[in-house]
Amino acid sequence: MPELNAPQAQAAAHTEGPLLVFAGAGSGKTRVITFRIANLLSQHRVPPYRILAVTFTNKAAGELKARLEHLAGPEVTRDLWAGTFHSVCARLLRRYHDEAGLGPKFVIYDESDQKAVISRLLKERGLDDRRMPPRWVLSKIHAQKREGHGPGDLEAESGFDAEWLDLFRGYEKALRSSNAVDFEDLIVLAMRVAEDPNSAAGRDLRERFRYVLVDEFQDTNITQYRLVRALSASSRNLCVVGDDDQSIYRWRGADVRIIRGFRRDFPDAGVVKLEQNYRSSANIVKAALGVIAPALEREPKQLWTDAALGEPVRIRTVPNERDEAAYIVRTVRGELARGVDPKSIAVFYRVHAQSRVIEEALRAENVPYQIIGGMRFFERAEVKDLVAYLRLIDNPKSDADLLRVINVPARGIGDKTVDLVLAAAAERSLSAFEALSALVRENALSGAAKTKLRGFVELMQGLSAASVGLSPSELAGHVLEATGYRTRLREDDSAESDARLENLEELIGSIREYEEDAAGRSEPVSLSGWLERVSLVSAVDAAKDVPSISLMTVHAAKGLEFTTVILTGLEEETFPYRGMDSDGIDDLEEERRLAYVAVTRARERLFITHAESRTLFGRTQYKLASRFLRDLPDEAVAREGVQRTPYLPSTTGSFDDEYSPPPRPRAPAWQTAVDQARARMGTAQPGERVIDREAFDDLGDSVAIRPGDRVRHKQFGRGVVERVEHDGSVTVVARFPGHGSKRLRAEYLEPG
DNA sequence: TACAAGCGCCTTTTT
DNA sequence: GGCGCTTGTA
């Protein structure tokens, strides 16, 4: 068994009272957690069901259990509580559903279900969804719920839009009447039960766990924190593990201040810092330290390594995203050729939209890859349809599911009939299916609507009856038959329908997998169990164990490691990403931490690319190199290709800080163009950089845009470049017919 | 009522 | 560039 170093052993052995572990990237955190729990089980004889370990993905929980099984035996891991905040809460709420005001078979609404609820409410109220976009309404609702606020708490306060508040109220009501919860509810409802000083359930929950451990604690939000504080209230054995430098979920309510302030809340907390990195080569660690060093607020700590230098981090300048994709393919090929396992190779990007070009290139060259996350299997229409039927069987109150399938496949129940049903539901304070059944029972309808609706009620009753004797996968197959869904797709023999049928078969296959998996662990197999699981799978959980390289966002890469990492799109506005409302120092700080996470995933080789122009979301823009590239220490990197886009010299501060001129190499007059190019490339060690032929072909121009180029501008339309200036930012003087000559920043121009 | 084409929209990161 | 939605037509 491998030894633990001193701080690791300290963290594993400190079992009484609160403990805060700062675990630097690659510092062996997972081993510490595993040893700590193994220690509790075998040395301290703690029953496994009294230990709760909150992990960031369900996969991490599964791996933890597998390792513990290896160390302590299978009987132990079965009863251990390990999972994400959301899955642990779902499990608790199944048990305490009454106290939380839920039925036993509540469903979890995903983002599209939630949006459908809001859209419905907007329609009911006659509000314009362009003035009140569902996205915006929802994000405001979630922000409040994450703080633990309900609509009732906000009424007294001013400053809340009355229409929005009314939507918030309606949204909560709609979810409860559908016996549905959203992701925030899982946390908040569990928290409320656990914090309740008077209920038996509250006392029970606060007594239940002797040891509570939270991994990736830097990404915990306030309600999650309150929940684990309540769950560890009686024992005070709360151990939190995290790294403030890797906090990347501020946008969904995570608050780094919680980990930074832990010692304030628990003055007697033990504190351990794991600072030795065992994962990466010294050059990669140096690069990571360079990226994170300018961060404004950090817990004092110093990541170090005694690993060999290894290869330099390679920074590659490419003309555009297609060349970037070609470079990625070449690099992956090279890595495979030197014997790297494809599963140990990953390509990272900041936003999913960047993946398409890379995918196309990989596919064209027959390099096996898989996308982690992105447009997910469960978002496909046919898959959602079948899942909606299954959820409706499990929980007939779920309006979102009823509305989805009531006319799928088409059975002649149109919008008017649906509106009639919804009006009746609103009037009687019933769910849509209850109202629908009542209307049918009372014979309150006329003509076609009557027969069609009766047919639907009978169909659902039949399915519900069938569900009793069938396993979830058998039931899924039966649904496809009984609803005519399968027949409908078979009759239409287009390629698209075939693909849909295949997807549905895959879905049924995945239900079967769940059944086998649960049976193997002697867990009860139920439709509710499977539905809960599919609602809470993370991107990484869904990854297949196949010999392929992985493509993913940097967020999805958190907690993972790879021999070779290709980090793409290191350009201003792409990474650091600048969205419509990103602004200010906090967003930029989080982008920096995100870059730190990306760099620290690599064990042996890290390749970083940046493009001089990029087409994203259908718009082509000239790009400045990312400020983060400037923070990489020269001695750890090798810059490849002529770097023609200037770096931003100021790496800290907000997005809007003025671009000041970069330190321009003052070349003596006698220097040749080649020397100037070398000077522009920075101070990499001779021999460490690779300069390719093609990159030298257009020496003399130091930017990708030059006089004579045709360009397009949002306001001025098409024009021709007259002059290019590049002192810091790239400024272009261009003549636009009808507007004359204009001085413009290059990033506001597109090639035209 | 159902389908197809066409338009306009948006466009981070995720449980 | 893709998606969902609306519109128009059979």
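Given the structure is predicted, the values throughout are model-derived calculations rather than measurements. (Residues numbered from 1 in each chain as written. Chains lettered and ligands numbered in written order. Predicted model: local features only at pLDDT ≥ 70, side-chain atom pairs only at ≥ 80, totals over all residues. Heavy atoms only, no water.)

(A) View of a negative patch on the surface. A contiguous patch of negative charge on the surface is contributed by Glu491, Asp492, Asp498, Glu502 and Glu506. It is helix 26 (residues 495-520) that provides the largest number of residues to the negative patch, a total of 3 residues. As for its position among the elements, Asp492 is in the loop between helix 25 (485-491) and helix 26. Asp492 gets classed as partly exposed once you look at its relative accessible area, which sits at 39%. (Patch = residues over 30% accessible without salt bridge, like charges linked within 9 Å, V, L, I, M, F, W, Y side chains within 5 Å. Areas by Shrake-Rupley, 256 points an atom, 1.4 Å probe, with all protein chains shown as cover. Salt bridge = Lys/Arg side-chain N within 4 Å of Asp/Glu carboxyl O. Lys, Arg positive; Asp, Glu negative; His and termini not counted. Charge placed at Lys NZ, Arg CZ, Asp CG, Glu CD. Helix = DSSP H or I, 4+ residues; strand = E, 2+ residues; numbered from the N terminus. Buried < 20%, exposed > 50% of the residue type's maximum accessible area, 1.4 Å probe, protein only.)

(B) Expanded view of the nonpolar core. In terms of nonpolar packing, the biggest core is built from 48 residues, with Leu386, Leu390, Leu436, Phe456 and Trp530 touching the most fellow members. Broken down by element, the residue count for this core peaks at 8 residues, all from helix 19 (residues 381-394). When near neighbours in sequence (up to four residues on either side) are disregarded, Phe456 contacts Leu392, Leu402, Val405, Ile406, Arg411, Ile413, Phe433 and Leu436. By size, the runner-up hydrophobic cluster in this structure holds 44 residues, among which are Val88, Phe106, Val193 and Leu227. (Core = buried A, V, L, I, M, F, W, Y, C linked by side-chain atoms within 4.5 Å. Contact = heavy atoms within 4.5 Å.)

(C) Summary view of the protein's contact with DNA strand B. In the vicinity of DNA strand B, 24 residues are found, and the nearest of them are Arg350, His352, Ser538, Thr553 and Phe617. Each atom of DNA strand B within 4 Å of the protein was classed as base or backbone; sugar and phosphate made up 57%. Contact between DNA strand B and His86: a base oxygen at 3.3 Å from a side-chain N or O atom of the residue. Between Trp251 and DNA strand B, the recorded distance is 3.2 Å, taken from a side-chain N or O atom to a base oxygen. Of the residues in the surface near DNA strand B, the class split is 9 nonpolar, 8 polar and 7 charged. (Near = heavy atom within 4 Å. Polar contact = N/O pair within 3.5 Å; in protein donor to acceptor, adjacent residues only side chain to side chain. Nonpolar A, V, L, I, M, F, W, Y, C, P; charged D, E, K, R; others polar.)

(D) Spotlight on the confidence of the model for chain A. Residues at a pLDDT of 70 or more form 83% of chain A, whose mean pLDDT is 84. For residues 658-703, every residue scores under 50 in pLDDT, and the model assigns this stretch 67 contacts once sequence neighbours within four places are set aside. (pLDDT = per-residue confidence, 0-100.)

(E) Quick peek at the sheet that holds strand 12 (residues 549-553). Spatially, 7 strands are ordered 11-12-10-13-14-9-17 in an open sheet, and the strand pairing comes out parallel. In the strand order of this sheet, the two ends are held by strand 11 (369-371) and strand 17 (637-640), each with one partner. This sheet shows a mean twist of 20° between the axes of neighbouring strands, independent of strand direction. As paired strands, strand 13 (residues 562-567) and strand 14 (residues 602-611) are joined by 5 bridges and run parallel to one another. Residue pairing in the sheet places Thr564 in a bridge with Arg605 of strand 14. Across the sheet, helix 16 (residues 282-292) touches strand 9 (313-318) and strand 14, and the angle it forms with strand 14 is around 50°. (Pairing = 2+ DSSP bridges. Axes fitted to C-alpha atoms, helices over the stretch in contact; angles between N-to-C directions.)

(F) Geometry of the sheet that holds strand 1 (residues 19-23). Strand order in the open sheet formed by 6 strands is 3-2-6-7-1-8, with parallel pairing between adjacent strands. Each of the sheet's edge strands pairs with one partner strand only, and the pair in question is strand 3 (81-83) and strand 8 (270-274). Neighbour-to-neighbour, the strand axes of this sheet turn through a mean angle of 10°, independent of strand direction. Summarising the sheet, strand 2 (residues 51-54) and strand 3 pair through 3 bridges and their orientation is parallel. Within strand 3, the residue paired with Ala53 across the bridge is Ala82. On top of the sheet, helix 1 (residues 6-13) reaches strand 1 and strand 8; it is set at about 145° to strand 8, its chief contact. The sheet contacts of helix 5 (residues 85-95) involve strand 2, strand 3 and strand 6 (211-214), and relative to strand 3 the element is tilted by about 130°.

(G) Representation of the packing of aromatic side chains within the structure. This structure, assessed with the given rule, holds 10 aromatic pairs. Plain terms: the ring middles of Phe217 and Phe262 are 5.8 Å apart, the flat faces sit at 85° to each other, and that makes the pair edge-to-face. Of the two residues, Phe217 is situated in the loop between strand 6 and helix 13 (222-231) and Phe262 in helix 15 (residues 262-265); the sequence distance between them amounts to 45 residues. Here the guanidinium or amino end of Arg94 rests over the ring plane of Phe106, the centre of that ring lying 3.8 Å away. (Phe/Tyr/Trp six-rings, centres within 6.5 Å; stacked < 30°, edge-to-face > 60°. Lys NZ or Arg CZ within 6 Å of the ring centre and 35° of its normal.)

(H) Helix 11 (residues 183-195), seen in detail. End to end, helix 11 covers 19 Å across 13 residues, agreeing with the expected 18 Å (1.5 Å per residue, within 8%). Of all 13 residues that make up helix 11, 10 are buried, and the element is covered over most of its length. Every buried residue belonging to helix 11 is among Glu184, Asp185, Leu186, Ile187, Val188, Leu189, Ala190, Met191, Val193 and Ala194, and all of these are buried. Of the residues flanking the start of helix 11, the one acting as N-cap is Asp182, its side-chain oxygen 3.2 Å from the backbone nitrogen of Glu184. (Expected span 1.5 Å × (residues − 1).)

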